[in-house]
Amino acid sequence: MNSRVLNVVRLQFVNKVTYLWMPLIVLGGSFLISFLIFAMIPIDEPKYGGGSQAPLWAFLAVGIQAMTLSFPFSQAMSLTRREFYLGTLVAAAITGVILSTVFVLIGLLEQATEGLGVNGYFSYLPAVWEAGWWGAWITYFVITMFFFVIGFWSATIYKRWGTILLTVVLVGLGLLLVGAVFLITRLEAWPATWTWLVETGPLGLALWAVPAIALMAAGSYLTLRRTIA
């Protein structure tokens, strides 16, 4: 790997709060809160919560801060935009590997202890773990990078064109989503859509998200090329 790209990775990890501690603290806090809630629910059936998505959403903020906090410094260090972009993605992938590994370790612990003794499951969600621990790891990693790239591209659009265009883009994406729902409804395709979602499963959906991540990453790079620090 280019030494200047590695310099960007080091630059990003100077801010360990953003790249390491914030996601890990959010993960630990959501895990603890989920466990306490599970312990208070007086039923014997397995209990599943959505707390595991909290650190994944936090990575959206990581993507935003990776651009807004570090980009000006990279330009002061005479790093090219391409080097900054590649180094930032590598730094995000490193944190994504750490988070995904922690998720899998928690899931293995939950399986070994019957839901930490309260039959509650934070990471071990049957649909996500259907393909085994490796499938869960891939799913968590892809989702982490998905949120990061969204945050990074949003911050890049903001730096390049300002608040108005960023708002227009977000509203446009919302309209596209509503349009898709409208089209599915008009075609009476909800049964087929739900069937496809169930059959594809979380791992399959994560793999489908990879091309979307690649397109957004390419878009963020093209935007970054003309962005002024």
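Here, every reference points to the structure presented above.
Read on for an overview of the structure. Quick caveat, the model's predicted, so the values are computed rather than measured.

## Section: the pattern of salt bridges
Taken as a whole and assessed by the stated rule, the structure comprises 1 salt bridge. With its nearest N and O atoms 2.9 Å apart, the salt bridge here joins Glu83 to Arg4. Placement of Glu83 in helix 5 (residues 81-112) and of Arg4 in helix 1 (residues 3-14) is noted, with a sequence separation of 79 residues between them.

## Some words on the packing of helix 3 (residues 54-68) against helix 5
Axis separation between helix 3 and helix 5 bottoms out at 11 Å; the angle between their running directions is 160 degrees. When the axes of helix 3 and helix 5 are compared, the pair comes out roughly antiparallel. Crossing handedness for the pair helix 3 and helix 5: right-handed. Along its contact with helix 3, which presents Pro55, Leu56, Phe59, Ala66 and Met67, the element helix 5 presents Phe84, Thr88, Ala92, Thr95, Gly96, Leu99 and Phe103.

## Observations concerning the side chain of Thr88
Of note, Thr88 is situated in helix 5. The exposure class of Thr88 is buried, given its relative accessible area of 1%. Once residues within four sequence positions are removed from consideration, Thr88 is found in contact with Val8, Gln12, Tyr19, Ala66, Phe148 and Phe152.

## Here we look at the packing of aromatic side chains
By the definition in use, this model includes 18 aromatic pairs. Within the aromatic cluster, the residues linked to one another by ring pairs are Phe59, Phe71, Phe84, Tyr85, Phe148, Phe152 and Tyr221.

## Considering unusual backbone geometry
With a phi angle near 60 degrees, Leu116 is a residue other than glycine that sits in the positive phi range. Summarising the element assignment, Leu116 is placed in helix 6 (residues 115-119). A positive phi angle is found at Glu188, which is not glycine, with a value near 55 degrees. Relative to the elements of secondary structure, Glu188 occurs in the loop between helix 8 (163-186) and helix 9 (190-224).

## So, the nonpolar core
Residues Tyr19, Met67, Phe84, Tyr140, Phe148, Phe152 and Leu224 are the most contacted members of the largest nonpolar core, which totals 40 residues. For this core, the elements supplying multiple residues, two or more each, are helix 1, helix 2 (16-40), helix 3, helix 5, helix 7 (133-161) and helix 9. For this core, the element with the highest residue contribution is helix 7, accounting for 9 residues. Leave out the neighbours within four places in its chain, and Tyr19 touches Gln12, Phe13, Val62, Ala66, Thr88, Ala91, Ala92, Thr95 and Phe148.

## A word on a nonpolar patch on the surface
There is a patch of nonpolar side chains on the surface, built from Trp161, Ile164, Leu165, Val168, Val169, Leu170, Leu173 and Leu176 and spanning about 790 Å² of accessible area. A total of 7 residues in the nonpolar patch trace back to one element, the largest contributor, which is helix 8. Structurally, Leu170 is set in helix 8. Overall, the relative accessible area of 48% leaves Leu170 in the partly exposed class.

Rules used throughout
Residues numbered from 1 in each chain as written. Predicted model: local features only at pLDDT ≥ 70, side-chain atom pairs only at ≥ 80, totals over all residues. Heavy atoms only, no water. Salt bridge = Lys/Arg side-chain N within 4 Å of Asp/Glu carboxyl O. Helix = DSSP H or I, 4+ residues; strand = E, 2+ residues; numbered from the N terminus. Axes fitted to C-alpha atoms, helices over the stretch in contact; angles between N-to-C directions. Parallel < 35°, antiparallel > 145°, perpendicular 65-115°, else oblique. Left-handed = near helix turned anticlockwise from the far one by under 90°. Contact = heavy atoms within 4.5 Å. Buried < 20%, exposed > 50% of the residue type's maximum accessible area, 1.4 Å probe, protein only. Phe/Tyr/Trp six-rings, centres within 6.5 Å; stacked < 30°, edge-to-face > 60°. Core = buried A, V, L, I, M, F, W, Y, C linked by side-chain atoms within 4.5 Å. Patch = residues over 30% accessible without salt bridge, like charges linked within 9 Å, V, L, I, M, F, W, Y side chains within 5 Å. Areas by Shrake-Rupley, 256 points an atom, 1.4 Å probe, with all protein chains shown as cover.

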